[in-house]
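# A structural walkthrough
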Amino acid sequence: MPVGIGGTWHQVFGDEFNGTSLDGSKWNANWFGCSGCVTKPVNSAEASAYSPSQVTVADGSLHLNLKQQSTTVAGKTYPYVSGLVNSNGKAQFTYGAFEARIYTPSSGSQMANWPQFWADGQNWPTDGELDVMEGLGGSACYHFHSTAGGPGGCASGNYSGGWHTFGAEWKQGSVTYYYDGKQVGQITSGITSSPMYLILNNGINPDHSGTNVAPADMTVDYVRVWQH
């Protein structure tokens, strides 16, 4: 069951990453574009392109590997290349409990780079964006973006340098966030109800240079989704 999230649930999606390659029935190994291609970043603030070559499954975990390597996509060159997976076209959900167990890159006692576990609708920002966890300036943060804005916050404490569970309960009118089973925040404004697909990526933002590290591996033990 979800860590720290009460109620009666049944699991509707999961990946334990126990195989030797990414499950293509559940995930795409880049951002939007052709299958197998190197694609541009999700966000224009990112400094890494995304390549399927940077996505591996081994030792019971998903590995999203970021490295410093000049990579050109559509005429623009990015200083890094990294890994991303998304479930667009294969799995999407309205409401439920979303959880991943992740070992994020670290920079001292801070979270390195811009690792993210989130969900997005088909028509951004109208359909909403649910950020379960994103590393910003060394901290683990959460947000919900929609046409109403992007409220959120950052959790106190150190969530880098070890395994941590990052979860969120999305229901009508609210999203409540749980890190390691402890409630760290709740958002009750601008919450949408359109289906969302899952994304995990190991991004990097040059504006956060004090916490950037390369090479860096974002490791995911599992991803699970439950509904009532």
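This text goes with the structure placed above it.
As a convention, each chain's residues are numbered from 1 in the sequence order in which they are written. Totals for whole chains, interfaces and linings use all residues, but because this is a predicted model, local features are given only for residues with pLDDT of at least 70 and pairs of side-chain atoms are given and counted only at 80 or more. Hydrogen atoms and water are omitted, and side-chain values are computed over all heavy atoms in the structure.

A separate point is the state of the cysteines. By disulfide we mean two sulfur atoms from cysteines, separated by a distance within 2.5 Å. Taken as a whole, this structure holds two disulfides when the rule is applied. Each sulfur in the disulfide pair C34 and C37 lies 1.4 Å from the other. Taking the sign of the S-S torsion, -80° for the link of C34 and C37, the bridge is left-handed. In this scheme, a residue with accessible area under 20% of its type's maximum is buried, one over 50% is exposed, and one in between is partly exposed, where area comes from a 1.4 Å probe on protein chains only. Note on C37: relative accessible area 26%, which makes it partly exposed. Paired through a disulfide, C141 and C154 show a sulfur-sulfur distance of 2.0 Å. Across the disulfide from C141 to C154, rotation about the S-S bond amounts to roughly 95°, and the bridge is consequently right-handed.

Tracing the backbone through its elements, the reader meets Q116 in strand β11 (residues 114–120). A relative accessible area of 6% places Q116 in the buried class. The contact rule is simple, with two residues in contact once any of their heavy atoms fall within 4.5 Å. Those residues in contact with Q116, other than ones at most four positions away along the chain, are M133, E134, I199, L200, N201 and M218. Numbering of helices and strands runs from the N terminus; a helix is a DSSP stretch of H or I covering at least four residues, while a strand is a stretch of E covering at least two.

Any Lys or Arg side-chain nitrogen found within 4 Å of a carboxyl oxygen on Asp or Glu counts as a salt bridge. Applying the stated rule across the entire model yields two salt bridges. Residue E16 pairs with R224 through a salt bridge whose shortest N-O separation is 2.9 Å. Of the two residues, E16 sits in the loop between β1 (10–15) and β2 (48–50) while R224 sits in strand β19 (residues 216–227), which places them 208 residues apart along the sequence. Between D221 and R101 there is a salt bridge, and its shortest N-O distance comes to 3.0 Å. Separated by 120 residues along the polypeptide, D221 in strand β19 and R101 in strand β8 (residues 96–103) bring together distant segments of the chain.

Further remarks concern the pairing of strand β3 (residues 55–58). What you see with β3 is a clean split: V55 and V57 sit on the buried side and T56 and A58 on the side with no burial. Here, any two strands with at least 2 DSSP bridges between them count as paired. As judged from the four bridges shared by β3 and strand β4 (residues 61–73), these two strands associate in the antiparallel manner. Bridging from a neighbouring strand, T56 pairs with H63 of β4. Hairpin remark: β3 followed by β4, antiparallel, with two residues in the connecting loop; positive phi at D59, about 55°.

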